[in-house]
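Observations on the model geometry
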Amino acid sequence: MSAVSRRAGLVTGAGSGIGRATALEIARSGAAVAVLDIDAGAAAETTEMIRKDGGEALAVTVDIADEGSVRAAVERAVTAYGGLDFAVNNAGMASHRQQLDQMTLDQFERVVRVNLAGTFLCMKYELP
Ligand SMILES: NC(=O)c1ccc[n+]([C@@H]2O[C@H](COP(=O)([O-])OP(=O)(O)OC[C@H]3O[C@@H](n4cnc5c(N)ncnc54)[C@H](O)[C@@H]3O)[C@@H](O)[C@H]2O)c1
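Reading the values: the criteria
Residues numbered from 1 in each chain as written. Predicted model: local features only at pLDDT ≥ 70, side-chain atom pairs only at ≥ 80, totals over all residues. Heavy atoms only, no water. Core = buried A, V, L, I, M, F, W, Y, C linked by side-chain atoms within 4.5 Å. Buried < 20%, exposed > 50% of the residue type's maximum accessible area, 1.4 Å probe, protein only. Helix = DSSP H or I, 4+ residues; strand = E, 2+ residues; numbered from the N terminus. Contact = heavy atoms within 4.5 Å. Expected span 1.5 Å × (residues − 1). Arc of directions from axis to C-beta. Near = heavy atom within 4 Å. Polar contact = N/O pair within 3.5 Å; in protein donor to acceptor, adjacent residues only side chain to side chain. Areas by Shrake-Rupley, 256 points an atom, 1.4 Å probe, with all protein chains shown as cover. 1 Å grid on protein atoms, 1.4 Å probe; cavity = no way out; pocket = protein on both sides within 12 Å on 5 of 7 lines; lining within 4 Å. Sits in = over half its atoms within 2 Å of the grid points. Nonpolar A, V, L, I, M, F, W, Y, C, P; charged D, E, K, R; others polar. Salt bridge = Lys/Arg side-chain N within 4 Å of Asp/Glu carboxyl O.

Bringing the nonpolar core into the picture now. Judged by nonpolar contacts, the single largest core of 19 residues is most densely connected at Leu10, Ala34, Leu36, Val62, Ile64, Val70 and Tyr81. Mapped onto this core, the elements with two or more residues apiece are strand E1 (8–12), strand E2 (32–37), strand E3 (57–61), helix H3 (67–81) and helix H4 (105–126). Looking at this core, the element that brings in the most residues is H3, giving 5 residues. With residues up to four places along the chain from it excluded, the contact list for Val62 reads Leu36, Asp37, Ile38, Ser69, Val70 and Ala73. Ranked by size, the runner-up nonpolar core spans 13 residues in total, among them Ala14, Leu24, Ala27 and Val35.

Dropping the structure here:
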């Protein structure tokens, strides 16, 4: 029987919440998961949880709002696993838990940059 290579991919924002739960579930299905998050400690924690569960994971720190950071993070996952079979673009942020009339323009622009441009940047480098 020929060896079937393990499927592999990445989950952004996998340091907590929905992203962490998704990464754990994907790893349980047998795929290797690159755990991407802006919070290095949180990414390491998720990776540790996956490994303890018998799965394969790699923690990668990334700011999805920064093009160079996204390029480097995707390259790291591709180098580790030889390509991406899937990508879950989950990372994002809420609006600083503030009322709109209390928000600064810089805060608003950060939300748009992360949630909109960040998702675009991830897909730009994941798709190839
Ligand atoms: N939970 C909800 O009710 C809800 C509702 C609507 C949308 N969402 C969206 O779903 C996604 C997951 O939600 P959640 O509740 O698990 O949120 P969460 O805050 O628990 O997790 C988001 C993760 O993304 C990471 N992150 C934030 N900015 C980042 C950046 N610039 N680069 C890389 N990583 C970054 C955070 O560190 C965190 O680990 C988010 O995009 C959120 O905006 C959630």
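Every α-helix carries 3.6 residues per turn, so stepping three or four residues along brings you back to the same face. Taking 1.5 Å as the rise per residue, helix H1 (residues 17–28) with 12 residues should run 16 Å; its terminal C-alpha atoms sit 17 Å apart, in good agreement. Those residues of H1 that sit buried are Gly19, Arg20, Ala23, Leu24, Ile26 and Ala27. Angularly, the buried residues of H1 cover 165 degrees about the axis, an arc narrow enough to put them on a single face. Of the exposed residues in H1, those oriented more than 90 degrees away from the buried face are Gly17, Ile18 and Arg28.

Time to look at the site of the ligand. Near the ligand there are 16 residues, and of these Ser16, Ile18, Asp37, Asp63 and Asn90 occur at the shortest range. Contact between the ligand and Val62: a nitrogen atom at 3.4 Å from a main-chain N or O atom of the residue. Between the ligand and the protein, one listed contact pairs an oxygen atom with a backbone N or O atom of Gly92 at 3.2 Å. Bound to the protein, the ligand loses 59% of the 820 Å² it would expose on its own. More than half of the atoms of the ligand fall within 2 Å of the grid points belonging to the largest pocket. Elements supplying a minimum of two residues to the shell around the ligand: H1 and H4. Across the shell around the ligand, the residue classes break down as 7 nonpolar, 6 polar and 3 charged.

Okay, the pattern of salt bridges next. This model, assessed by the stated rule, comprises 5 salt bridges. Here Glu56 makes a salt bridge to Arg6, at a shortest N to O gap of 3.3 Å. Linking Glu56 in the loop between helix H2 (40–52) and E3 with Arg6 in the segment before E1, this pair joins segments that are 50 residues apart in sequence. The class for Glu56 is partly exposed, based on a relative accessible area of 31%. Residue Glu45 pairs with Arg20 through a salt bridge whose shortest N-O separation is 3.1 Å. Here Arg20 lies in helix H1 and Glu45 lies in helix H2, a separation of 25 residues in the sequence.

Keep in mind these values describe shape, not function.
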